[in-house]
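Residues per chain, in single letters:
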Amino acid sequence: MTTSASPKLSVVITNYNYAAFVATAIDSVLSQDVEIELVVVDDCSKDNSRDIICSYGDRIIPVLQDVNQGHGGGFNAGYARTTGDLVMFLDADDFLLPGAGKTIVSNYDPDIGMYLYRMNYADEQGTLGGLFPPPQVPLADGDVAAQLREMGHYSGTITSGLVYTRTALEQVMPMDSETFRQGGDGYLSATVPLHVTAKGFDQPISAYRLHGSQHSQFAKAYAKRARWRIGHQQACFDCIRDHAARQGRPTAEDLGERDPGHLQERLVSLLFEPEQHPVSTDTRAGLLKKLRAANRERFGGKALARNAWWILIGLLPNGAARTVLSWKIDVAARPAWMNKLGRMLRKRLGIVT
């Protein structure tokens, strides 16, 4: 059910050393066919980002940080300057697609507090590619609070595909900027749905740009990336427990133990750099068993194809297991025959490889 009232949309762009991209992000918002309040936060960039931001004059609301506070601190500072009924955080290396503003405003529903949209991938030049998350991955739709409290996870998306109502953000902001120096969107994804209903939309509204300097890529340092994600997820689990406790609702003691994504990160960390793995009780056999069980619980009859990875890794010696695991987590590392097989499986069985 939609309402005839037209909500005010605020967009917060958070920038750090993205002089090569930030103007594109700003222009993509200013060129929308609905009025948008645009707040641009610069987190003490060392390049010429501030010159670019300030060149827009009063067309934007600039927030120039005196001290570098990271992703979460940028979210806090930008949100504090917004006045919109709807608030979107846009990473400075991403950009809105034409018509995105109208789509966001027209989908406003007073019963919904968090909106999840797909994004188009884009390269460094801005050329659009496929969808993230891919079409076969469902986006959360409805009340996912119970799932969050029981599993610590639901099927969502990342920063530039998320829109929130102000009333939803008032329940959870500001965030701890030190804990979430990276991954501020992870905090919001973990806490907002405990307070409001979510709704997913297949129509993309933004471009998720892939490039070499992204924090999330870690230049193929699989174990380092996995350890960061494990720590980030654990911080999100703590926030889930905290917000649920405020509501007098219980959470599972084993948050993450039934989430295939979290378990996969722990397996990557354990296999690639066991001496630095942060979960002392983990074993390869134990994680593989949990992964297979989590897939059966989550995917039912389609779990066997997904579990083929874990069955194979369980049979291989460590060196070969690391190779196969690198194919699982890094599409670019896969041999051509495996990519061809993956496309065939997606087409015939409707699964994600």
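Nothing here was measured: the structure is a model prediction, and the numbers come from that model.

Trainee: Whenever I open this one, the pattern of salt bridges confuses me. Can you help?
Mentor: A pair can form between side chains of opposite charge whenever their charged atoms are brought close. Per the stated rule, a full pass over the model turns up twelve salt bridges. Arg-50 is the salt-bridge partner of Asp-42, the closest N and O atoms lying 2.7 Å from each other. The salt bridge partner of Glu-257 is Arg-266, with a shortest N-O separation of 2.6 Å. Residue Arg-266 is classed as buried on the basis of its relative accessible area, which comes to 3%.

Trainee: Explanation requested: the confidence of the model for the protein chain in the structure shown.
Mentor: Close inspection of predicted coordinates is inappropriate in any region flagged by low pLDDT. With 92% of its residues at a pLDDT of at least 70, the protein chain reaches an overall mean of 92. Across residues 215–219 the pLDDT falls below 50, and counting only partners more than four positions away or on other chains, this stretch makes twelve contacts in the model.

Trainee: Explain the pairing of strand 2 (residues 36–42) here, please?
Mentor: Along any regular strand, the residues point their side chains to alternate faces of the sheet. With seven of seven residues buried, strand 2 is to be regarded as a mostly interior element. Covered by surrounding structure in strand 2 are Ile-36, Leu-38, Val-40 and Asp-42 together with Glu-37, Val-39 and Val-41, the residues of both alternating faces. Examined bridge by bridge, strand 1 (residues 9–15) and strand 2 share seven bridges and lie parallel to one another. In the strand pairing of strand 2, Val-11 is matched with Leu-38. In this fold, the crossover linking strand 1 to strand 2 by way of helix 1 (residues 22–30) has right-handed handedness. Sheet analysis places strand 2 next to strand 3 (residues 61–64), joined by four bridges and oriented parallel.

Scoring rules and cut-offs
- Residues numbered from 1 in each chain as written.
- Predicted model: local features only at pLDDT ≥ 70, side-chain atom pairs only at ≥ 80, totals over all residues.
- Heavy atoms only, no water.
- Salt bridge = Lys/Arg side-chain N within 4 Å of Asp/Glu carboxyl O.
- Buried < 20%, exposed > 50% of the residue type's maximum accessible area, 1.4 Å probe, protein only.
- pLDDT = per-residue confidence, 0-100.
- Contact = heavy atoms within 4.5 Å.
- Helix = DSSP H or I, 4+ residues; strand = E, 2+ residues; numbered from the N terminus.
- Pairing = 2+ DSSP bridges.
- Right-handed = clockwise from strand over helix to strand, strands pointing away.

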